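# Summary of structural features
Listed here are the chains, written in short residue letters.
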Amino acid sequence: MNSERVFSGIQPSGEIHIGNYLGAVKRWVELCDDHDAIYCVVDDHAITVEYDPSRLPAMTFDASLATMACGLDPEKCTIFVQSHVPEHTELTWLFNTVTPLGSLFRMTQFKDKARNALQRKLTRKEGGAMKTAIHNLKTLGGEALEGLDELKKDLDSLDPDTRDDVAIGETVARMNDRMGNIMQRLQVGLGVAEASTALFGYPVLQAADILLYKATLVPVGEDQEQHLELCREVAQRFNKKFGEVFPVARRIKSEAPRILGLDGKSKMSKSLGNHIGMLDSTEEITAKLKNAYTDPQRIRRSDPGRPEICNVFSIHGFFTEPDVRDELAQGCRKGTIGCFDCKKVLAQSMDAELAPIRDRADHLRRHKGLVIDALDAGRQRCSDIASQTMEEVREVMGVGHGVFAGLGK
Ligand code: TYM
């Protein structure tokens with residue numbers, strides 16, 4: 001076995017879809033053959049946005065079951081639930097001390113999620129939300145205006161005839177900083193004040209997930225690249241300050257880094273409802289594909305199409321045999337087959353891959369103990385590794401009950 005340790009995670013915030021599968025989970029399964037692979041259902045991450053506590057346990061169980069149905073074999077890898085190993089949150093706190101605010105502000109997923117959460121609240125016209133939003137906007141707007149005033153002063157102080165490179169450099173750098181600050185405030189705007197601190201710190205928890213196990217390889221889709229960069233930064237900063245404790249993890253790139261949703265526009269995602277669930281029935285797959293976005297230039301069946309820009313055709317790439325795909329592409333280009341026909345073939349080829357996964361899920365649902373026992377074994381193994389890492393971390397940071405050992409009585 002390759003000694004390198006693989007770590008990855010998935011949120012239990014809705015059903016697992018083909019974007020998760022193609023972008024990550026399928027690769028997770030392959031990696032089990034020759035790596036020490038640890039996979040985590042990240043419930044502590046799922047609670048950083050609005051959620052229903054009474055439904056979370058079932059969702060965490062379902063996500064665990066689905067990953068096992070997709071092919072994760074507890075005999076060949078470790079599967080566990082994040083909150084069952086509390087060291088994840090302890091390490092997050094300690095990592096907060098070496099994580100610059102500026103790095104977190106750069107995280108695009110935070111900005112997106114913060115904005116989406118607020119948008120949902122406002123559309124539901126939740127009491128007070130609009131008022132708070134307007135108040136925040138006024139405050140942020142005021143601060144942004146003040147920043148602009150400062151910027152203007154900097155500009156005025158720039159003498160066009162000056163030859164002083166250092167002074168110019170300093171002023172430009174200051175203006176850049178101010179500009180960045182104003183842009184950030186305006187961009188994050190409304191959403192940021194509403195979002196939870198936990199959502200802001202989300203990537204630190206993700207760094208803790210990976211580094212608690214000193215994993216070096218992280219198979220994830222493209223959307224997680226920035227979070228992984230932060231993980232590398234945290235490891236480097238920690239090591240610099242407290243000594244070499246953590247490896248600097250690398251991302252294992254996916255063959256399907258960004259699967260688009262059925263709308264053909266945004267990333268396939270649970271929250272956008274543009275997905276096909278891994279456990280969807282044949283009928284559900286067929287019905288969802290029926291409305292999937294294709295080449296907008298094809299209005300009539302006989303219109304020549306462009307498979308190279310069609311999202312449905314790109315999904316064929318993961319499920320349909322190459323010779324069948326070639327035939328479909330030719331028919332589409334000539335306008336001899338319609339989108340309906342093309343989607344029908346896709347539904348069949350998807351169903352061929354998903355049916356055995358559904359069957360395994362049914363089996364696991366009838367034998368829930370298989371999932372619960374796997375998670376329990378995973379928790380035990382992970383707790384052992386986590387407690388070793390935490391002993392090391394606490395010692396170099398000078399915290400924890402062990403620190404008095406050297407003082408004598
Ligand atoms: P999550 O739950 O959003 O997604 C799980 C995995 O699926 C990938 N993915 C996609 N890949 C391609 N196309 C898509 N449309 C698509 N949608 C999702 C994601 O890239 C991810 O690999 N923060 C993480 C979970 C996490 C984690 C970790 C991952 C927590 N701790 C430590 C790695 C290591 C997340 O929300 O993934």
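Scoring rules and cut-offs
- Residues numbered from 1 in each chain as written.
- Predicted model: local features only at pLDDT ≥ 70, side-chain atom pairs only at ≥ 80, totals over all residues.
- Heavy atoms only, no water.
- Helix = DSSP H or I, 4+ residues; strand = E, 2+ residues; numbered from the N terminus.
- Buried < 20%, exposed > 50% of the residue type's maximum accessible area, 1.4 Å probe, protein only.
- Contact = heavy atoms within 4.5 Å.
- Areas by Shrake-Rupley, 256 points an atom, 1.4 Å probe, with all protein chains shown as cover.
- Pairing = 2+ DSSP bridges.
- Right-handed = clockwise from strand over helix to strand, strands pointing away.
- Core = buried A, V, L, I, M, F, W, Y, C linked by side-chain atoms within 4.5 Å.
- Domains from an automatic or database assignment.
- Near = heavy atom within 4 Å.
- Polar contact = N/O pair within 3.5 Å; in protein donor to acceptor, adjacent residues only side chain to side chain.
- Nonpolar A, V, L, I, M, F, W, Y, C, P; charged D, E, K, R; others polar.
- Buried area = accessible area lost by both parts, 1.4 Å probe.

Broken down by element type, the protein chain carries 16 helices and five strands. With respect to the three principal axes, the spread of C-alpha positions in the protein chain is 70 × 70 × 50 Å. Evaluated residue by residue, the protein chain yields a buried proportion of 44% over its 409 residues. The long-range share in the protein chain, meaning contacts at least 24 apart out of those at least 6 apart in sequence, stands at 79%. Summing over all exposed atoms, the protein chain offers an accessible surface of approximately 21500 Å²; the carbon and sulfur share of this is 54%.

Right, let's get into the environment of E143. Tracing the backbone shows E143 in helix α7 (residues 129–157). As a C-alpha pair, E143 and D384 span 241 residues in sequence and 49 Å in three-dimensional space.

Below, the discussion takes up the pairing of strand β2 (residues 36–41). Taken across its six residues, β2 has six buried, putting it largely inside the fold. Across the two faces of β2 the burial is the same, with D36, I38 and C40 and A37, Y39 and V41 all buried. Two strands pair when backbone bridges link them, and strand β1 (residues 5–10) and β2 are joined in this way by six bridges, in the parallel orientation. Pairing of G9 across the sheet is with C40, part of β2. In this view, the connection linking β1 to its parallel neighbour β2 by way of helix α1 (residues 18–31) has right-handed handedness.

Counting 55 residues, the largest nonpolar core has I18, Y39, M278, L289 and M350 as the members making the most contacts within it. By residue number, the principal contributor to this core is helix α15 (residues 339–366), which donates eight residues. When residues of this core are assigned to domains, at least three fall in each of domain 1 (5–102 + 198–258 + 368–397) and domain 3 (282–366). Every residue in contact with I18, bar those within four places of it in the chain, is listed here: G23, M268, I276, M278, I315, F319, M350 and L354. With 43 residues, the next largest nonpolar core counts V85, L91, M107 and A386 among its residues.

On to the site of the ligand, then. For the ligand, the set of nearby residues contains 28 residues, the closest of which are Y202, Q206, D209, D223 and I259. Here a nitrogen atom of the ligand sits 3.3 Å away from a polar atom, N or O, in the main chain of G19. The set of elements that each furnish at least two residues to the shell around the ligand consists of β1, α1 and α10 (202–212). For the shell around the ligand, a count of residues per class yields 12 nonpolar, 11 polar and five charged.

What follows concerns the domain arrangement of the protein chain. Split by domain assignment, the protein chain resolves into domain 1 (5–102 + 198–258 + 368–397), domain 2 (108–197) and domain 3 (282–366). Residue-level contacts link 12 residues of domain 1 with 10 residues of domain 2. Buried area between domain 1 and domain 2, summed over both chains or domains, comes out near 930 Å², and the portion from carbon and sulfur atoms is 45%. Of all residues in domain 1, the largest losses of buried area upon contact with domain 2 belong to E50, L199 and F200, amounting jointly to 47% of the total for that side.

Right, let's talk about helix α13 (residues 311–319) for a bit. Side chains of residues three or four places apart in an α-helix project in the same direction, reflecting 3.6 residues per turn. Among the residues making up α13, those that are buried are N311, V312, F313, I315, H316 and F319. Those residues of α13 that are buried are in contact with α1, α14 (322–334) and α15.

Among the structural elements, S269 can be located in the loop between β5 (250–252) and α12 (282–290). Overall, the relative accessible area of 10% leaves S269 in the buried class. Within the structure, S269 has its side chain in polar contact with the side chain of S271 (distance 3.1 Å). When sequence neighbours within four positions are dropped, the list of residues in contact with S269 reads H17, N274 and H275.

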